[in-house]
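# Reading the structure
For reference, the chains in residue letters:
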Amino acid sequence: MIGLPQPAHGDGMRMPGSVSRTAMVEDSAMICVSIGRGRHKQMIAEHQHLVAQGAKLVELRLDYIRRDVNLPRLLRDRPSPVVISCRRPQDGGRWMGSEQARQTLLRAAIVDGADYIDLEEDIAGSVPRYGKTKRIISYHNFQDFPEDLEEIHARMTRLDPDIIKIAVMAHRPRHNVRMLKLVQSSSVPTVGICMGEIGVPTRILAGKFGAPFTYATFHHERTLAPGQLSYRQMTEIYHYDEINADTEVYGVVGDPIGHSLSPVIHNAAFRAKKLNKVYIPFRVPEGDFDEFLEECEFLGVKGLSITIPHKEEAMRRLTTVEPAAREIGAVNTIVFEEGERRGYNTDYRAALDSLLKGIGETTVANPLAGRTVLVLGAGGVARAVVYGLKQREADVVVSSRTEERAKMLAQQFNCRWIDWAMRHTVRPHILINCTPVGMHPNVDESPFHRHYLRRQMLVFDTVYNPEQTLLIKEARHQGCRTVTGVEMFIRQAAMQFKLFTKESPPIPLMVECLRREIGAARYDAPLPIDEAAKDESPSQPSPTADVQDAAS
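Summary of the structure given here. Keep in mind that this is a model prediction, so the values were computed, not measured.

Scanning the protein for helices and strands turns up 19 helices and 21 strands. Per-residue burial over the protein gives 58% buried out of 552 residues. Sequence separation of at least 24 residues holds for 68% of the intrachain contacts in the protein that already meet a minimum separation of 6. Here the protein displays about 22,900 Å² of accessible surface, and carbon together with sulfur accounts for 47% of that area.

Spelled out as structure tokens, the structure:
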């Protein structure tokens, strides 16, 4: 057998539940990487590659192999311990043979000395313990989150498990909390996974709540279950092996959320500063934000970045809100401290700083005063941008594909609005795109026709992925000065980092990580943010200043 923390019992049968959680798995920060390939050769090669990358445990999905399974070939000279599983279609698998043949294959894997065998709940009672193979008793539900979750778990504890695995579909944020509470309270080591994008937090936080391991896939483009992350994402972005019970949790909240690159830069910054913190994506559908906010204490959440569609709703659920965010009517940052939920808006500061840098050196005290600025969009980012522009006495014109929202925004900040179809009739000094038009994957779209881009204009696109949007490319071609979304995104994230940690953000590292991730790095170009910005500047929000009672 290959070395892996083993239970205290010897060979043969034992009483169910007799193994303690600590005796079962000493390394609770372990990742089990699932491999599903059609050929033995491919499966063996990926196993070897993963171990070379640091993987300690892999799952070999026999149901993916397209020919007769050769167990000795897979198990002989294996470079790490393995979990053997063979899934039926109803359990998310590809096994097309008979059930008798499947169970015979699983029994053979036990006889051949597999380190772990995964047995579904309904067959576990008919497959007895044998030798040193450890039993993972599993339950899968790819459609629903069962209301009788705890009863299912209790039933599984009576099937002689070494580990219980439950994987069900999450539809609400509260499902994550219910699952992690079960994992934390179980006397039998339990891997509890909520599938789907909403369930991603259970995969990343599994070790924090005492799961013996979590699951990942070999590559993010070959997921074997909904919401599954790759081994690289788990180790290089979330640093799963460093998460423990004391790890503080931060995250970005929105819907959709899968496109967000905030976890990339915040986790890199946490690691650079040697902070025991992790930043994860929380997909929270509209209407579920209040419920999610109430669950944050159990999860250990200390700070949140807020994005679409919750920026306005979030402000109404806070105990204190800084004056600027109150006037904007939206927050993009929440800090949980001293029993309070404190709200901030770093978007408007980041947008103004980015614009002023784009304008460049000038002897004019207020270079935005009297300038005509056409703002495309009327969402949370647009609100923050318009607020900042009005503070600098700019002549603001708002245009949105949703006319009513444009009217409301213009009325709120006492500026002009124009119908979306008429936006090209404005001759602005500055054009700012606050819509998602041009965002990956729709990179061939632009919210403003290039024919109307004039050489004297400054064009600012808040979309950061890709950095070189079609609007930015066309503006440069027309001779306009440009400011990319990376500029603003990094600035607002740096301010959030300061609020979260009270430490100066490692800005050059954050820029490098972001550009590497979006695949549009230009390392020969200067960093978009000055080195001096690493230190707190007057434009950065103080974690305690300018906050007033939200109830006032």
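Here helix H14 (residues 347–359) contains 13 residues, and its C-alpha end-to-end distance of 18 Å stays within 8% of the 18 Å for a straight helix at 1.5 Å per residue. By the criterion of burial, H14 is predominantly enclosed, with eleven of the 13 residues buried. All of the buried residues along H14 are Asp-347, Tyr-348, Arg-349, Ala-350, Ala-351, Leu-352, Asp-353, Ser-354, Leu-355, Gly-358 and Ile-359. The positive-phi residue at the C-terminal boundary of H14 is Gly-360, with phi of around 85°.

Attention now goes to the layout of surface pockets. Each pocket or cavity is described by its volume, and for the largest pocket that value is around 1,000 Å³. Secondary structure elements with two or more residues in the lining of the largest pocket: strand S11 (301–306), helix H12 (311–315), helix H15 (380–391) and helix H18 (485–501). If one sorts the elements of the lining of the largest pocket by residue count, H18 sits on top with five residues. For the lining of the largest pocket, the per-class residue count stands at 15 nonpolar, 18 polar and six charged. A per-element tally of the lining of the second largest pocket places helix H9 (residues 231–237) first, with three residues. Looking at the lining of the second largest pocket residue by residue, the class counts come to ten nonpolar, ten polar and three charged.

Moving on to the packing of aromatic side chains. Overall, the coordinates contain nine aromatic pairs when judged by the stated rule. With a centroid separation of 5.0 Å and an interplanar angle of 55°, the aromatic rings of Phe-282 and Phe-292 are classed as tilted. Placement of Phe-282 in strand S10 (residues 277–283) and of Phe-292 in helix H11 (residues 289–299) is noted, with a sequence separation of ten residues between them. Just as Phe-282 is buried, Phe-292 falls in that class too. Consider the rings of Tyr-464 and Phe-489, whose centres lie 3.9 Å apart with planes at 20°: the pair is stacked. Note that Tyr-464 is positioned in the loop between strand S19 (458–461) and helix H17 (470–477) and Phe-489 in helix H18, a separation of 25 residues in sequence. Here Tyr-464 and Phe-489 have matching classes, each one buried. Following the ring pairs from residue to residue traces out a cluster consisting of Tyr-250, Phe-270, Phe-497 and Phe-500.

We now examine the environment of Phe-142. Along the chain, the position of Phe-142 falls in the loop between strand S5 (134–141) and helix H6 (149–156). Remark: the alpha-carbon pair of Phe-142 and Cys-194, spanning 52 residues in sequence, is separated by 9.6 Å. Ignoring any residue separated from it by four or fewer positions in sequence, one finds Phe-142 in contact with Asp-91, Gly-92, Met-169, Met-195 and Pro-226.

All right, on to the nonpolar core then. Formed by 109 residues in total, the largest nonpolar core has its most connected members in Phe-282 and Leu-304. Counting residues per element, this core draws most heavily on H18, which supplies eight residues. Sequence-distant contacts of Leu-304, that is, excluding residues within four places in its chain, are made with Gly-251, Val-253, Phe-282, Phe-292, Leu-293, Cys-296, Asn-332, Thr-333, Ile-334, Phe-336 and Phe-500. Counting residues in each nonpolar core, the second largest holds 35 residues, with Tyr-348, Leu-355, Ala-384 and Cys-434 among its members.

The next thing to look at is unusual backbone geometry. Among all residues except glycine, the phi angle is most often negative; among peptide bonds, the trans geometry is most common. Residues Ile-308 and Pro-309 are joined by a peptide bond in cis, for which omega reads 5°. One can find Pro-309 in the loop between S11 and H12. Cis geometry is adopted by the peptide bond preceding Pro-441, which originates at His-440 and carries an omega value of 10°. Note that Pro-441 resides in the loop between strand S18 (430–433) and S19. In this structure, Lys-274 takes a positive phi of about 55° despite not being glycine. Mapped onto the elements of the fold, Lys-274 is located in the loop between helix H10 (262–272) and S10. The backbone of Glu-338 shows a phi angle near 50°, a positive value even though the residue is not glycine. Checked against the element boundaries, Glu-338 lands in the loop between strand S13 (333–337) and strand S14 (340–344).

Another aspect to go through is the packing of H6 against helix H7 (residues 173–185). It is at 11 Å that the axes of H6 and H7 come closest, and there the two elements cross at 30°. One finds that H6 runs roughly parallel with respect to H7. Between H6 and H7 lies a crossing whose hand is right-handed. The residues of H7 that touch H6, namely those facing Leu-149, Glu-150 and His-153, are Arg-178, Met-179 and Leu-182. A breakdown of the residues in the contact of H6 with H7 according to their chemical character gives three nonpolar, one polar and two charged.

The rules we used
Residues numbered from 1 in each chain as written. Predicted model: local features only at pLDDT ≥ 70, side-chain atom pairs only at ≥ 80, totals over all residues. Heavy atoms only, no water. Helix = DSSP H or I, 4+ residues; strand = E, 2+ residues; numbered from the N terminus. Buried < 20%, exposed > 50% of the residue type's maximum accessible area, 1.4 Å probe, protein only. Contact = heavy atoms within 4.5 Å. Areas by Shrake-Rupley, 256 points an atom, 1.4 Å probe, with all protein chains shown as cover. Expected span 1.5 Å × (residues − 1). 1 Å grid on protein atoms, 1.4 Å probe; cavity = no way out; pocket = protein on both sides within 12 Å on 5 of 7 lines; lining within 4 Å. Points joined across faces, edges and corners; volume = space filled by probe spheres on them. Nonpolar A, V, L, I, M, F, W, Y, C, P; charged D, E, K, R; others polar. Phe/Tyr/Trp six-rings, centres within 6.5 Å; stacked < 30°, edge-to-face > 60°. Core = buried A, V, L, I, M, F, W, Y, C linked by side-chain atoms within 4.5 Å. Axes fitted to C-alpha atoms, helices over the stretch in contact; angles between N-to-C directions. Parallel < 35°, antiparallel > 145°, perpendicular 65-115°, else oblique. Left-handed = near helix turned anticlockwise from the far one by under 90°.

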